[in-house]
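Here is what each chain is made of, one letter per residue.
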Amino acid sequence: MTPISIYLHIPFCVHRCAYCDFNTYAGQEDSIPAYVNALIREINYIGSQLSDRATIQLPDYKTIQTIFFGGGTPSLLSTAQFDSIFQAIRKNFDLLDEAEISMEANPGTVSLDALQKLRGIGINRLSFGVQSANMEELRMLERAHDFFDVIEAVMSARKAGFDNLNLDLIYGLPEQTLPTWMTTVKRIMDLHPEHISAYALTLEHGTPFGRWSAKGLLPTPSPDLAADMYEWMSEFFESAGYVQYEISNWARDVQPSTFNLQPTFACKHNLQYWRGLPYLAFGAGAHGYANGIRYSNVLRIKTYIDRFTNFQSTNLTFPLTPATVNQHHQTPQDDMGEFMMTGLRLTLEGVSSLGFQSRFGARLDEVYGKEIDLLTRQGLLEWQAERLRLTRRGRLLGNQVFMQFVG
């Protein structure tokens, strides 16, 4: 069986940005110690389930190839707290020597000393939430850092021994122009990251940005301008030697080859999601997929902590824990639709007809022949060596493509 992945959600932030729709909370840092304890209890709970896997007829879910600390701001945790989490993971799982272990961090929240210690306990990939190099745009996004903080964070990470850095960007901002976006991209390139993620701003319902936009207080970003930004960025990254391996992600490739479907520094953790492979999720609001079940945990920090305080031992179906509030047992149709939707995000790999048949026991053209024919005629999908992939035009209209496969 393919090794699995672990996602751990750290929902604490010093300030919650106006555009953010993630499960994050500001001003609750006093709860971090109790939260880390609850996180360790959840890891131990899953570990105890896996120790009985022979009786419950589970495949091997113990071998771990990637770990991702997301948030929130995981860098708010102390090195000692990270170390205690790692001890729990190593006690309950078999962590591969070459495992990719990522942590999200905000520029301005990391020091050289802390990064050296984090590198020493096993974290080997950092993802900095840069978003923009423009001070006015950062103020509008309510980010606490400036671009000098970004430069300092990257320099500190390099000194600490990190050779795998991702920088996150957002484009399509209100009143953002193509020239200001081009400046941000060029400044990012000067930092020579191994990986870049760039996502268009979405005005999510329930966020301050969403409310302000609905009331006409915030200009709605132009979709046409956002598309221009995306196309220019894609061409610029390609000319600089980055490989676009996913709709919104680019990575350096140390040994380019026409036979490689993924560049060297592609995010292995996210590939687990996009390939529809299992992963375990821990923490408040975390979403996981294992044993044919998609599940999610309770959202609020206090409630999550309470679920693991003096809880009585209970026999829940793996991978469910006392923190689980939603679960869905996947049907073959669910898995096939999601496999298409996430697989087509991979611009080089796409969806293999052989891989689809091997996994689901049915031919791709038998299940989705009509949808594929329609999207191919519209110039949104194409076949390349028995792989179905988005065309360049299809990358701009990805959601239109994906909706054909999920009902």
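Residues numbered from 1 in each chain as written. Predicted model: local features only at pLDDT ≥ 70, side-chain atom pairs only at ≥ 80, totals over all residues. Heavy atoms only, no water.

Asker: So, a negative patch on the surface: which residues are in play, and what are the values?
Answerer: Negative charge collects at one region of the surface, where Asp224, Asp228, Glu231 and Glu235 lie side by side. Checked against the element boundaries, aspartate 228 lands in helix α9 (residues 223–239). A relative accessible area of 39% places aspartate 228 in the partly exposed class. (Patch = residues over 30% accessible without salt bridge, like charges linked within 9 Å, V, L, I, M, F, W, Y side chains within 5 Å. Areas by Shrake-Rupley, 256 points an atom, 1.4 Å probe, with all protein chains shown as cover. Salt bridge = Lys/Arg side-chain N within 4 Å of Asp/Glu carboxyl O. Lys, Arg positive; Asp, Glu negative; His and termini not counted. Charge placed at Lys NZ, Arg CZ, Asp CG, Glu CD. Helix = DSSP H or I, 4+ residues; strand = E, 2+ residues; numbered from the N terminus. Buried < 20%, exposed > 50% of the residue type's maximum accessible area, 1.4 Å probe, protein only.)

Asker: Before we move on, can you summarise the environment of alanine 198 with the specific residues and values?
Answerer: With respect to the helices and strands, the residue alanine 198 is situated in strand β8 (residues 195–200). Residues alanine 198 and asparagine 249, 51 residues apart in the sequence, show an inter-C-alpha distance of 6.5 Å. Sequence-distant contacts of alanine 198, defined by excluding residues within four places in its chain, comprise Leu169, Tyr171, Met233, Ser248 and Trp250. (Contact = heavy atoms within 4.5 Å.)

Asker: How would you explain the pattern of salt bridges if you had to name every residue and give the values?
Answerer: Scanning the entire structure with this criterion turns up ten salt bridges. Its salt-bridge partner being arginine 275, residue glutamate 349 comes within 2.9 Å of it at the nearest N-O pair. With glutamate 349 in the loop between α12 (332–343) and β15 (351–352) and arginine 275 in the loop between α10 (268–274) and β11 (279–282), this residue pair connects regions lying 74 residues apart in the sequence. Residue arginine 275 is classed as partly exposed on the basis of its relative accessible area, which comes to 31%. In this structure, lysine 302 and aspartate 306 form a salt bridge, with 2.9 Å as the shortest nitrogen-oxygen distance. Of the two residues, lysine 302 and aspartate 306 both sit in helix α11 (residues 301–307), four residues apart, roughly one turn of that helix. Taking the relative accessible area as the measure of exposure, aspartate 306 reaches 40% and is therefore partly exposed. One network of salt bridges, with partners in common, ties together Arg363, Asp365 and Glu366.

Asker: Give a description of the packing of α12 against helix α13 (residues 353–360) that names residues and reports values.
Answerer: Viewed as axis vectors pointing N to C, α12 and α13 meet at an angle of 160 degrees, and their least axial separation amounts to 11 Å. By the angle between their axes, α12 is roughly antiparallel relative to α13. Crossing geometry of α12 relative to α13 is assigned as right-handed. For the pair α12 and α13, the contacting residues are Asp335, Met336, Phe339 and Met340 in the first and Phe356, Arg359 and Phe360 in the second. In the contact of α12 with α13, the residues fall into five nonpolar, no polar and two charged. (Axes fitted to C-alpha atoms, helices over the stretch in contact; angles between N-to-C directions. Parallel < 35°, antiparallel > 145°, perpendicular 65-115°, else oblique. Left-handed = near helix turned anticlockwise from the far one by under 90°. Nonpolar A, V, L, I, M, F, W, Y, C, P; charged D, E, K, R; others polar.)

Asker: How would you summarise the packing of helix α7 (residues 178–189) against α9 if you had to cite specific residues and measurements?
Answerer: The N-to-C vectors of α7 and α9 enclose an angle of 30 degrees; their axes lie 10 Å apart at closest approach. As far as their axial angle goes, α9 and α7 are roughly parallel. For the pair α7 and α9, the sense of crossing is right-handed. Two secondary-structure elements touch here, α7 through Leu178, Trp181, Met182, Val185, Lys186 and Met189 and α9 through Leu225, Asp228, Met229, Trp232, Met233, Phe236 and Phe237. Of the residues contributing to the contact of α7 with α9, the split by class is eleven nonpolar, no polar and two charged.

Asker: Tell me what's going on with the nonpolar core, and back it up with residues and numbers.
Answerer: Ranked by size, the top nonpolar core spans 102 residues in total, and within it Leu8, Ile67, Phe69, Ile85, Phe93, Phe128 and Leu280 carry the most contacts. If one sorts the elements of this core by residue count, helix α1 (residues 32–51) sits on top with nine residues. For isoleucine 67, the residues in contact, after removing those within four places along its chain, are Ile6, Leu8, Phe86, Ile89, Leu95, Glu100, Ile101, Ser102 and His269. Core analysis: the next-biggest nonpolar cluster, separate from the first, contains eight residues, Tyr245, Ala251, Ala266 and Trp274 among them. (Core = buried A, V, L, I, M, F, W, Y, C linked by side-chain atoms within 4.5 Å.)

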